[in-house]
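Each chain, written out:
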Amino acid sequence: MERPQREIRATHGPSTITVYQAYPPAIGLPAARDGRFPGAWKRDRMTWIKPSFLWMMYRCGWATKPGQETVLAVEITRDGFEWALRHACLSSHSPGTHPDRAAWRRELRRSPARVQWDPERDLRLAPLPHRSLQLGLSGEAARRYADDWTVSITDVTPLARTIHEHVGRGDLDAAARLLPQERPYPAGDELLARLRA
């Protein structure tokens, strides 16, 4: 069965979904220790969450890029995640979605969340033909994410490094066995009906 070009794939349960972020240790380690973001985490800035573990690995270079040395698995409520999608705007203009650029800019200004689609990655971090969701949260959405939606925060940096070591040795089967189990997100098609351009 052919995979959709744009689809939310994630680790999720009946009431939560796991997303990933990477931070410097000064933010990531207290967040994982306390299960909530510390005071140094800026609630007034755009923050991007990623349901795809491998896209996060691509973004942070397997936790080697400066300022992204601590990879967090953030379990949030599905209600919160879906609220963000219902209040999201595409991060770039799409003629099929917006009548003109001015209409898109108006929607962008009033939307607390942004959807962006980037090529999904394989274990070697090469691009795949289908795309992965990045969800940007700002203003009300960022505050809700940090203060209301977050259920747990886990430091998965050791997991990232172990998988990367297997990949480096060419043992892709061992690496794949350790990957978080991501599957299509329920109601994803309905939630993304206007956000797939």
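Presented here is an overview of the structure given in this document. Note that the coordinates shown come from a computational prediction; the quantities given were computed from them, not determined experimentally. Throughout this document, residue positions are counted from 1 along each chain, in the order its sequence is written. Local features in a predicted model are, by the rule used here, given only for residues with pLDDT of at least 70; side-chain atom pairs are given and counted only at 80 or more, and totals for whole chains, interfaces and linings are based on all residues. Here the side-chain values reflect all heavy atoms present in the structure, with hydrogen atoms and water set aside.

**Overview of the overall build of the protein**
(1) Moving on: Counting from the N terminus, the helices are the DSSP runs of H or I reaching at least four residues and the strands are the DSSP runs of E reaching at least two. Secondary structure summary: the protein contains 8 helices and 9 strands in total.
(2) Moving on: Relative to the 2.2 N^0.38 estimate, which gives 16 Å for 197 residues, the radius of gyration of the protein is 17 Å and therefore close to what a compact globule would have.
(3) Moving on: The C-alpha extent of the protein, read off along each of the three principal axes, is 50 × 45 × 35 Å.
(4) Moving on: Relative accessibility thresholds used throughout: buried, under 20% of the residue-type maximum; exposed, over 50%; partly exposed, between the two (1.4 Å probe, protein chains only). Within the protein, the proportion of its 197 residues that are buried is 48%.
(5) Moving on: Contact definition: two residues touch when any of their heavy atoms are within 4.5 Å. Considering only intrachain contacts with a sequence separation of at least 6, the fraction spanning at least 24 residues in the protein is 75%. Put simply, the radius of gyration uses C-alpha atoms, and a globule should come to 2.2 Å times the residue count raised to 0.38.

**Thoughts on the pairing of strand β7 (residues 127–137)**
(1) Moving on: A pair of strands is labelled paired if DSSP reports no fewer than 2 bridges between them. Summarising the sheet, strand β3 (residues 47–49) and β7 pair through 3 bridges and their orientation is antiparallel. Looking across to β7, one finds that Trp48 is bridged to Gly136.
(2) Moving on: The sheet contact formed by strand β6 (residues 113–121) and β7 spans 8 bridges and is antiparallel. From the neighbouring strand, Pro119 faces β7, where its bridge partner is Arg131.

**Concerning the sheet that holds β7**
In a beta sheet, neighbouring strands pair by backbone hydrogen bonds and run either parallel or antiparallel.
(1) Moving on: The mixed open sheet is built from 4 strands, whose spatial order is β3-β7-β6-β5. Each having just a single partner strand, β3 and β5 (88–90) make up the two edges of the open sheet. Recorded for the sheet is a direction-independent mean angle of 40° between the axes of neighbouring strands.
(2) Moving on: Axes here refer to lines fitted to C-alpha atoms; in helices the fit is confined to the stretch in contact. Angles between the N-to-C directions go from 0 to 180 degrees. Its contacts with the sheet put helix α2 (residues 53–60) on β6 and β7, and the angle it makes with β6 is roughly 90°.
(3) Moving on: Against the sheet, helix α5 (residues 139–149) engages β3 and β7, with an angle of about 85° to β7.

**A look at a positive patch on the surface**
(1) Moving on: Like charges are joined within 9 Å and nonpolar side chains (Val, Leu, Ile, Met, Phe, Trp, Tyr) within 5 Å, but only among residues with over 30% relative accessible area and no salt bridge; these make up the patches. Using a 1.4 Å probe, accessible areas were evaluated by the Shrake-Rupley method; residue-level cover was limited to the displayed protein chains. In the sections that follow, a salt bridge refers to a side-chain nitrogen of Lys or Arg positioned within 4 Å of a carboxyl oxygen of Asp or Glu. Working convention for charge: Lys and Arg count positive, Asp and Glu count negative, and His plus the chain ends are omitted. Taken as the charge location is NZ of Lys, CZ of Arg, CG of Asp or CD of Glu. Together, Arg105, Arg106, Arg109 and Arg110 make up a positively charged patch on the protein surface.
(2) Moving on: With respect to the helices, strands and loops of the structure, Arg110 is situated in helix α4 (residues 101–110).
(3) Moving on: Judged by its relative accessible area of 63%, Arg110 falls in the exposed class.

**Digging into the pattern of salt bridges**
(1) Moving on: Tallied over the entire structure, the rule returns 5 salt bridges.
(2) Moving on: As a salt-bridge pair, Asp147 and Arg43 come within 2.9 Å of each other at their nearest N and O atoms. On the criterion of sequence distance, the pair formed by Asp147 in helix α5 and Arg43 in the loop between α1 (25–34) and β3 is long-range, its members being 104 residues apart.
(3) Moving on: Residues Glu140 and Arg144 are paired through a salt bridge, measuring 2.7 Å at the closest nitrogen-oxygen approach.

**A look at the sheet that holds strand β8 (residues 150–155)**
(1) Moving on: Judged by pairing direction, the sheet is antiparallel, and its 3 strands sit side by side in the order β2-β4-β8 without closing on themselves. At either margin of the open sheet sits one strand with a lone partner, and together these are β2 (16–23) and β8. For this sheet the average axis-to-axis angle between neighbouring strands, irrespective of direction, equals 25°.
(2) Moving on: Pairing of β2 with strand β4 (residues 70–77), which is carried by 8 bridges, proceeds in the antiparallel orientation. Within β4, the residue paired with Ile17 across the bridge is Ile76.
(3) Moving on: Together, β2, β4 and β8 form the strand contacts of α1, whose direction differs from that of β4 by roughly 45°.

**Some remarks on the environment of Arg3**
(1) Moving on: Within the fold, Arg3 resides in the segment before β1 (9–10).
(2) Moving on: Discounting residues that sit within four places of it in the chain, Arg3 has contacts with Arg9 and His130.

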